[in-house]
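Structural description and commentary
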Amino acid sequence: MKIGLYGGTFSPPHIGHYRAAAAFLEQFSPDLLLIMPTSVPPHKRTSPYDDPKHRFNMASLAFEPLCRDGKAVVSTIELDRGGVSYTADTLREIYRIYGLEGQNRVYLLTGTDMFLTLNLWREPETIFSLSHIVYASREENDGEACAEKRAFYTEKYGAVVDRLELIPYEVSSTELRAALARGEAEDGVISPPVLEYIKRNGLYGLS
Ligand code: ATP
């Protein structure tokens, strides 16, 4: 079974997340992509708006078009486990739940910012041995840094790495939160049902 894992805070989800997930489904044809809102992210400060319930609901709305045919699902594995979400733990859990064996690596989809720091995550050896990394460019000029990191991961950890074919779309949740608070989120950056949800729940300074 070919399983993909796309983790994130998704606070809120934006078009960059959606395009990466859609391109991954198209190019790698997994049996299932698990879109995984983190419980407590290890590498970020959280804010009141990072309530897991809201992040899960927003991810469900944002990725709904990709979930219709059952090839993707917004998963609660990390939210149910609670506490700080470590990818090594999540990978082990996915192996257990889906009865995977060593040769069936989970496809781990990340943007380039995450890809460049993977060796600093908890248990990098576990992550590299249980997953096949697929990275998506977030900026026009991150190619060289990624190529260097890819060579390093391959040599040091025996990592299996692929690059997603994707024209970068430079957007982040941080920028989007600021734009929402100013009432200036651009059309197309956030899906209408997510924007509606944010307004209804008064998130990110919107009402
Ligand atoms: P923040 O600005 O709050 O740090 P973010 O925009 O980086 O948030 P996350 O939820 O942290 O969003 O990202 C989840 C995953 O999606 C990460 O692997 C990240 O690298 C990737 N990602 C985020 N934005 C993009 C983008 N514009 N293009 C491709 N991948 C992206």
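Described in the following lines is the structure provided in the data block. (Residues numbered from 1 in each chain as written. Predicted model: local features only at pLDDT ≥ 70, side-chain atom pairs only at ≥ 80, totals over all residues. Heavy atoms only, no water.)

So, on to the sheet that holds strand 5 (residues 131-136). Here we have six strands laid out as an open sheet, ordered 3-2-1-4-5-6, and parallel in their pairing. Every interior strand has two partners, whereas the edge strands, strand 3 (72-74) and strand 6 (160-163), have only one. For this sheet, the mean inter-axis angle between neighbouring strands, taken without regard to orientation, is 25 degrees. Note that strand 1 (residues 3-8) and strand 2 (residues 32-37) share six bridges and pair parallel. (Pairing = 2+ DSSP bridges. Helix = DSSP H or I, 4+ residues; strand = E, 2+ residues; numbered from the N terminus. Axes fitted to C-alpha atoms, helices over the stretch in contact; angles between N-to-C directions.)

Between helix 2 (residues 52-62) and helix 10 (residues 192-200), whose axes approach to 8 Å, the crossing angle comes to 155 degrees. Between helix 2 and helix 10, the crossing angle belongs to the class labelled roughly antiparallel. Helix-helix and strand crossings are classified by hand; for helix 2 and helix 10 the assignment is right-handed. In contact with Lys53, His54, Asn57, Met58, Leu61 and Ala62 of helix 2, helix 10 contributes Pro193, Val194, Tyr197 and Ile198. Classifying every residue of the contact of helix 2 with helix 10 by side-chain character gives seven nonpolar, two polar and one charged. (Parallel < 35°, antiparallel > 145°, perpendicular 65-115°, else oblique. Left-handed = near helix turned anticlockwise from the far one by under 90°. Contact = heavy atoms within 4.5 Å. Nonpolar A, V, L, I, M, F, W, Y, C, P; charged D, E, K, R; others polar.)

Glancing now at the site of the ligand. Every one of the 20 residues lining the ligand counts as a neighbour, but Lys44, Asp113, Arg138, Ser173 and Thr174 are closest to it. Coverage of the ligand by the protein chains reaches 93% of its 600 Å² of free accessible surface. Going through the elements one at a time, strand 1, helix 1 (15-28), strand 4 (106-111), helix 6 (112-115) and helix 9 (173-182) are the ones with two or more residues in the shell around the ligand. Along the lines of polarity and charge, the residues of the shell around the ligand split into five nonpolar, eleven polar and four charged. (Near = heavy atom within 4 Å. Areas by Shrake-Rupley, 256 points an atom, 1.4 Å probe, with all protein chains shown as cover.)

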